[in-house]
Every structure is written in C-alpha cells, then in structure tokens.
Amino acid sequence: MAKTGQREEPIQALLKEGRKFPPPKEFTKAARVKSPAIYKEAAANPLRFWEKQAKELRWLKPWKKTLEWKLPYAKWFIGGKLNVSDNCLDRHVEGPRRNKAAFIWEGEPGDSRVLTYWDLYREVNRFASALRKHGVKKGDAVTIYMPMIPELPIAMLACARIGAPHSVVFGGFSPESLRDRINDCKSKVVITADGGYRRGGQVALKKNTDEALKGCAFVSSVIVFKRTGQDIDWHRDRDIWWHDFVKDADAYVKPEPFDAEDMLYLLYTSGSTGKPKGIVHTTGGYLTGVSATHRLIFDLREEDVYWCTADIGWVTGHSYIVYGPLANGATGVMYEGTPDFPDKDRFWRIVEKYGVTILYTAPTAIRTFVRWGDEYPKRCNLSSLRLLGTVGEPINPEAWVWYWKVIGGGRCPIVDTWWQTETGQILISPLPGITVCKPGSATFPFPGIEADVVNDKGESVDAGYLVIKRPWPAMLRGIYGDPERYQRQYWSQIKGVYFTGDGAKRDKEGYFWLLGRIDDVMNVSGHRVSTMEVESALVDHPAVAEAAVIGRTHEIKGQAISAFVTIKVGRPQTEELKKEIKEHVAKKIGALARPDDVIYAAELPKTRSGKIMRRLLRDVAEGRALGDTTTLADATVVSDLKQKYEDKEG
Ligand code: ATP
Ligand code: MG
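None of the values given here were measured: they were computed from a predicted structure.

1. Observations concerning the overall build of the protein chain
- Scanning the protein chain from N- to C-terminus turns up 20 helices and 32 strands.
- For 650 residues, the compact-globule estimate of 2.2 N^0.38 gives 26 Å, and the C-alpha radius of gyration of the protein chain, at 24 Å, lies within 12% of that figure.
- Along the first, second and third principal axes, the C-alpha set of the protein chain runs to 70 × 60 × 50 Å.
- Per-residue burial for the protein chain yields a buried fraction of 63% across its 650 residues.
- By sequence separation, contacts in the protein chain at least 24 residues apart represent 72% of the contacts at least 6 residues apart.
- Total accessible area computed for the protein chain in this model is approximately 24200 Å², and 49% of it derives from carbon and sulfur atoms.

Structure, rendered in structure tokens:
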C-alpha cells in the first residue's frame, strides 16, 4: 500500500485530467435544478429529502415511518402502501397524459409501434387479468425471457399490478443460464416469445426455453408471444400463445395496494466477476429512488423524447426504461436490435427519426462508435439532442470528449452515472444544470446520498474503496435465498457501511473518479494501480479505440501489466505502434504504469451487457483454463486471444 501522509491508501492515483466542462448556459436557464442548494438541503436532512421525493408518487396508504435501519437491513416508508403499475399507468391515464406516447418502439427490421399511456394501460390490465385467472398470485415469481418488444414491459407491469415479483432474464442468455435463474427463484410461469430480431438474424428464444425447461421441474406454463413467426416446437400441455392467453381477460384489474417493502422483482447481476446474484428490490423505496433520479438527473421535461439504449434485461432497463420513466410519465424510445444493423448509423437514424432529446448509453457503445469513425453520426441530424448520459463502466476521458463533441455538438451536458444492480438507482452523477463536469469523473453523490472513499480501516483517503454510508431508498434488500452471501459480500469488508466493490479516488474539489473493480486493481512493484487509469491513458493514444489491462504474475515486480488493445479502423497494427503505445502510457501517467506487453485484440471479451471481463483476460495471460464464461457475450473472442497469447509465448 502506498503511504501518503498518515493513512494507507489502497490504490495509487496516477491520472491527471484537468479539463472542465461547465453546463451550457442555455441549458442551465431552463433546468429543473438550477441551484446547488439542493445538496445542502438534502445533507441537512436526508430523510426529509427522500420523503419529498416519495410524495411525488401516489400512495394508497401513507407511510408511518420513513426509515428503519438495522444493519444490514433497511426498510423504507414503513406501513405505506402503493401499487407500482398504478403509479406508472393509472395516474397518467386519469389526466392529460392519457394519449401521450409512453413507448415509441422500433423493431430491428424497421417496423415500429407507438403505445400511448392508454394503450399500455389496457394491455397491462388484460395481461394482469390473464395471469390472475391462470392462478398467478401475490408473491409468485414469474420469469420473463423476451426480446426488446413492448410486451416485455407489459409483462413486467402486469406482474407488478398483481404483486407477482418478476425475474427478467436477458434474451441473449443461453438455455443453461436461463435454467439456473428459473431454478433459483422457482417460477411456475415463464413468459417468452418465439424469437426476436438481432443483427439481421433471429434469436431462438422459444427453442432456448424448451432446452432450459428440460431441467426445471416446477414450470407448468410457458406463455409465448409471436414476434417472428419462426418454426417452434409446441408442448400442448404447457405452452400457450400470448394472444390466446389474453383472449378472455378482463379489461380492468384493480391495482391492489402493496406494502412498500413487498418484493417488486429480483434480478441477477451481469456477472462480470463471478456467479450472478439474485438481487432483491422492493416497491416503495425503489420507485421513489428511480423516479427521483430519473427526473432530476435527466432533467426531465414533459416534451422530452428519452432514449435509454440498454436492454431491459439489465437493471438499467428496469430502472431507466421501465419504472423511472413511466412513473414520471415520460415518452421513451425502445429499440429491439443492434447498433450496426443494417448499418453502423442505426442509432443516429433513430435519434433523427424520433427527435430524441435525451440519450442514455454505455461507454462500451461509445468506444465502439469511436472505432467505427465519425462518418456514421455525421450522416444524421442530431440537433434534437439536449442531454447525454452514460452508465456501466468508467468512461475514459477521450471517449467522454468524443461523445461531447461529435454526438452532443458541444451543446449537451453529459451525466456519467455510477450505480449498480444492487443500488437500484443512480447514486453518483452530475446534476446537468449545475455541475461542472470533468471527463472521466462521475462527479458527486446524488443529493441525500453519502459516499466515501476509504481504506481497510474505514478511514477516508484520497484513493481506495468506494463505500456508501447511509441507506438509500432503492437499495437492495438482499440476495435471493442467500442472506449469508448478502452479509459477506456487502457488509463485512468495512464495518457499518455498504461496500461497493469498486475503487475510487476523490480529488481536491471533492469529485469522485471511479477506478474500476477492486478485484481488478494491479499490484506493480508494490504500487496498487487501477485498471481505469491505465486504460484511459491507452485510449488517449490516437490509434487506440478500446483497451483492457490486467496484472499477470511477474517474478520480480509481483505483477506485470498486460494491455489488450483494439485499434481504430484503418490503422496498421505494427510492432512499432506497440512501442509507441507503451511510451504513451509512461508519458501520460508514469513509467510505473508502462505496460509490459501490448496485445492487439480485434474484440475484447465482454459480458452480454458490454462490460469488459478482465478476469478472463487474466486467465488468458496466465495460461489457465478459463473461469465461468456463462455471461460472456461471444466465446470466440477469448479463444482467439488465448491462441494469440500462446503463439506469442511459444
Ligand atoms: P457482478 O457484480 O455480477 O460482477 P456487474 O458488477 O458487472 O456484475 P452491474 O450491477 O450491472 O453488474 O454493474 C455495476 C458495476 O458497473 C459497478 O459496480 C461498476 O463497477 C460499473 N459501473 C457502472 N456505472 C459506472 C460508471 N458510471 N462509472 C464507473 N463504473 C461504473
Ligand atoms: Mg457488481
């Protein structure tokens, strides 16, 4: 550990990023939050701040006590009752939002649908009624395995309406992953589709479901939405078409009042580090947290066209495609397919076509766009955009600046939002009307959130472990069926606080900079170096589009840095360039961080949600058998790298 002053620092901070981007004046003028007073107010009385946010929702019975905190379990809005689907639908159809678009959906082949709040309300009611007639009751877990079509949020909201917790499994997962998740929560009902469109092909969801169910004893019904019309096998005793399922359904199901602490859903994490965990989220606190952050961080206005490009199968989709935006009565764009179909300009065509004003996407996507080149966004008119966001990984300063210039035209603030499946809601992010941004920094904790950077003893330091010191409304309530793991994973490293597992540093002005996962921190000659800083220095080189670094065992230094880099389209991949890249890192952040080897990678191994899986790169570099690869998006990526690495060694 490095020593600075008195305190031991778990990570050494190297990168100095000095650029500042104040919010554009025009933006601030019209922003929801114009004054930093909100931070002071919330800090002075966080519970009052959250009560105020909760009051934006419709409660069927008011709560008696705002928070009960018995470490590690928090309960919010105790005694309060509400219905999430009532908040997301009924409230809006009673007023002027009745015929406002809730979802503008675009299918990958180019078909599109618009669902108003009234349309969505009708569909959800019918599906909720059908579920109920089918015997689904409060507390029964329902697994949903669907493409990005409107029926996915319809199914979720229908479950919420009748109090059946849903478990959405991302449509890209294999039959084995689906089976594990169904078995973990023991759902009797699975909702799927025959297939979905992806990169010009068809994903065989029903076939995967059939395969998965070979190992599931308790699934008695599979509801199948017809999306592609592809050939599927049919099990007459088990399978039901969606359209038959809702045929005799009632038009209205009264939204039952549920307890604020009733389970809304469980969701498995993306599994970058190991076995996915079933994260439990509840009703009142969750909806309060996601609606407040969505409203304030995205500066939501009635007329916005908001597009979050995540898949609903991830928490980002749950909180910021479905529950946050619908609770706020927003219009959301939803897209079924990939950004490169039929061409690499698809996202920008969608922005232009629907006049998207707020775009929320991931650093991995942004770096891909950088690699493809500026010609694709340049083909389209992006002038409707007014605010940009990112989530999922640390964003490298160069990618941030590209996003600002090329996509935002220098006119749109960027909100770099840090949060986790476990946190349910964004915890660290700029407020776009008031925060002066620094590229690569998620800036400050959201009002009412108390975060800190600490060492093993829990003392505040400049660079170390990111922890959260006070409960927040949308926080997880546990790991499904595994209280021991919940305690160990989040509440045991440092006494009394929530341990995020991420590294962070805080600069002199109090900005938080996420440094990547603690497990990925490298130990080079006794210096603890973060992956994020070395990767940012690599991406800063004009030829590099994307990079992942890992520490591999080294006799003398403890660990040596291996850098896997993806080069921009059209740049020759020479030995000379490798040298140049290593020097660039040394110059940018110090000789200590100079990579020992640079390996050209056509692609980096990523989870299905687009996060780099560094543990697999460590396996490659150390010549080990690969660890758990079930959450890997494309298995050939690692096997190719493994081959390349072995050739280099041999
Ligand atoms: P697992 O916990 O199973 O390994 P995961 O952590 O990838 O999977 P998620 O909950 O989807 O699953 O991801 C949360 C993590 O993503 C954070 O802990 C952090 O490492 C990273 N992250 C998300 N947003 C940001 C951001 N804005 N800046 C930096 N890192 C981010
Ligand atoms: Mg995690």
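2. What to know about the pairing of strand β23 (residues 451-454)
- Residues A451 and V453 of β23 are buried on one face, and the alternating residues D452 and V454, pointing to the opposite face, are buried as well.
- With four bridges connecting them, β23 and strand β24 (residues 463-468) associate as antiparallel partners. By the bridge assignment for β24, D452 is matched with V467.

3. Quick notes on the sheet that holds β24
- With antiparallel pairing, the four strands of this open sheet are ordered in space as β23-β24-β26-β27. Sheet topology places β23 and β27 (512-517) at the edges, where each strand pairs with a single neighbour. Across the sheet, the mean angle separating the axes of adjacent strands is 45 degrees when strand polarity is ignored.
- The pairing of strand β26 (residues 498-506) with β27 spans five bridges and is classified as antiparallel. Looking across to β27, one finds that K505 is bridged to W513.
- Of the strands in this sheet, β26 and β27 are in contact with helix α17 (residues 531-539), which crosses β27 at around 100 degrees.

4. Description of the packing of helix α4 (residues 84-93) against helix α11 (residues 315-327)
- It is the contact of α4 with α11, at a shortest axis distance of 8 Å, that shows an interaxial angle of 50 degrees. Taken together, α4 and α11 sit at an angle that is classed as oblique. Read as a crossing pair, α4 and α11 show a hand that is left-handed. Contact residues: α4 offers V84, N87, C88, R91 and H92, while α11 offers Y323, L326 and A327.
- Taken together, the residues that form the contact of α4 with α11 break down as five nonpolar, two polar and one charged.

5. Quick look at unusual backbone geometry
- Following L71, the chain continues into P72 via a peptide bond in cis, with omega recorded as 0 degrees.
- Here P72 shows up in the loop between β3 (65-70) and β4 (73-78).
- Here the bond from F341 into P342 is cis, since omega is -5 degrees, no more than 30 degrees from zero.
- Structurally, P342 is set in the loop between β19 (331-335) and α12 (346-354).

6. With respect to the packing of aromatic side chains
- Applying the stated criterion across every chain, the model contains 43 aromatic pairs.
- Ring centres 4.8 Å apart and planes at 65 degrees place the aromatic pair W63 and F77 in the edge-to-face group. In this pair, W63 is assigned in the loop between α3 (46-54) and β3 and F77 in strand β4, connecting sequence segments 14 residues apart.
- With a relative accessible area of 17%, W63 lands in the buried category.
- Geometrically, the ring pair formed by F173 and W314 is edge-to-face, given 5.8 Å between the ring centres and 80 degrees between the ring planes. Taken together, the positions of F173 in the loop between β9 (166-168) and α7 (175-185) and W314 in the loop between β18 (305-308) and α11 put the pair 141 residues apart, joining distant regions of the chain. When sorted by exposure, F173 lands in the same class as W314, which is buried.

7. Topic: the sheet that holds β19
- Ordered in space as β7-β6-β19-β18-β20-β21-β22, the seven strands form an open sheet in which the pairing is mixed. Two strands bound the open sheet, and with one partner strand each, they are β7 (112-116) and β22 (414-416). The sheet shows a mean angle of 15 degrees between the axes of neighbouring strands, taken without regard to direction.
- Pairing of strand β21 (residues 387-390) with β22 involves three bridges; the strand directions are parallel. By the bridge assignment, G389 is partnered in β22 with V415.

8. Digging into the nonpolar core
- Counting 134 residues, the largest nonpolar core has L120, F127, I144, I191, W242 and Y323 as the members making the most contacts within it.
- Here this core takes nine residues from helix α6 (residues 151-162), the largest share from any one element.
- Counting residues in each nonpolar core, the second largest holds 36 residues, with I104, W348, W372 and C437 among its members.

9. Details of the pairing of β27
- Along β27, five of the six residues are buried, which leaves the element largely enclosed by surrounding structure.
- Turn length for the β26-β27 hairpin, with the two strands adjacent in sequence and antiparallel, is five residues, and the turn residue G510 shows positive phi of about 85 degrees.

10. Thoughts on the domain arrangement of the protein chain
- In terms of domains, the protein chain is made up of domain 1 (25-504) and domain 2 (521-649).
- Across the contact, 26 residues belong to domain 1 and 26 residues belong to domain 2.
- Where domain 1 packs against domain 2, one counts two salt bridges.
- Among the ionic pairs, E546 bridges to R367, the shortest N-O distance being 2.8 Å.
- Of all the elements in the fold, those that place two or more residues in the side of domain 1 that touches domain 2 are α7, α13 (363-372) and α15 (397-407).
- For the side of domain 1 that touches domain 2, the element with the most residues is α13, which contributes five residues.
- Among the residues forming the side of domain 1 that touches domain 2, the class breakdown is nine nonpolar, 11 polar and six charged.

11. Some words on α17
- With nine of nine residues buried, α17 is to be regarded as a mostly interior element.
- At the N-terminal end of α17, a side-chain oxygen is found 3.4 Å from the backbone nitrogen of M532, two or three residues along, and the residue is S530.

12. A few points about the pattern of salt bridges
- Under the definition given, this model contains 58 salt bridges.
- Between E533 and K505 there is a salt bridge whose closest N-O contact spans 2.6 Å. Here E533 is found in helix α17, whereas its partner K505 is found in strand β26, with 28 residues between them in sequence. Grouping residues by exposure puts E533 and K505 together as buried.
- Across the pair R614 and D520 runs a salt bridge, and its minimum N-O distance is 3.5 Å. Note that R614 is positioned in helix α19 (residues 614-621) and D520 in the loop between β27 and β28 (522-524), a separation of 94 residues in sequence.
- Taken together, the shared-partner salt bridges in this structure form one network comprising D343, D345, R349, E375 and R379.

13. What about the side chain of R618?
- Mapped onto the fold, R618 is located in helix α19.
- In contact with R618, other than residues within four places in its own chain, are D519, D520, I550, G551 and R624.

What counts and what doesn't
Residues numbered from 1 in each chain as written. Chains lettered and ligands numbered in written order. Predicted model: local features only at pLDDT ≥ 70, side-chain atom pairs only at ≥ 80, totals over all residues. Heavy atoms only, no water. Helix = DSSP H or I, 4+ residues; strand = E, 2+ residues; numbered from the N terminus. Rg over C-alpha atoms; globule rule 2.2 N^0.38 Å. Buried < 20%, exposed > 50% of the residue type's maximum accessible area, 1.4 Å probe, protein only. Contact = heavy atoms within 4.5 Å. Areas by Shrake-Rupley, 256 points an atom, 1.4 Å probe, with all protein chains shown as cover. Pairing = 2+ DSSP bridges. Axes fitted to C-alpha atoms, helices over the stretch in contact; angles between N-to-C directions. Parallel < 35°, antiparallel > 145°, perpendicular 65-115°, else oblique. Left-handed = near helix turned anticlockwise from the far one by under 90°. Nonpolar A, V, L, I, M, F, W, Y, C, P; charged D, E, K, R; others polar. Phe/Tyr/Trp six-rings, centres within 6.5 Å; stacked < 30°, edge-to-face > 60°. Core = buried A, V, L, I, M, F, W, Y, C linked by side-chain atoms within 4.5 Å. Domains from an automatic or database assignment. Salt bridge = Lys/Arg side-chain N within 4 Å of Asp/Glu carboxyl O. Polar contact = N/O pair within 3.5 Å; in protein donor to acceptor, adjacent residues only side chain to side chain.

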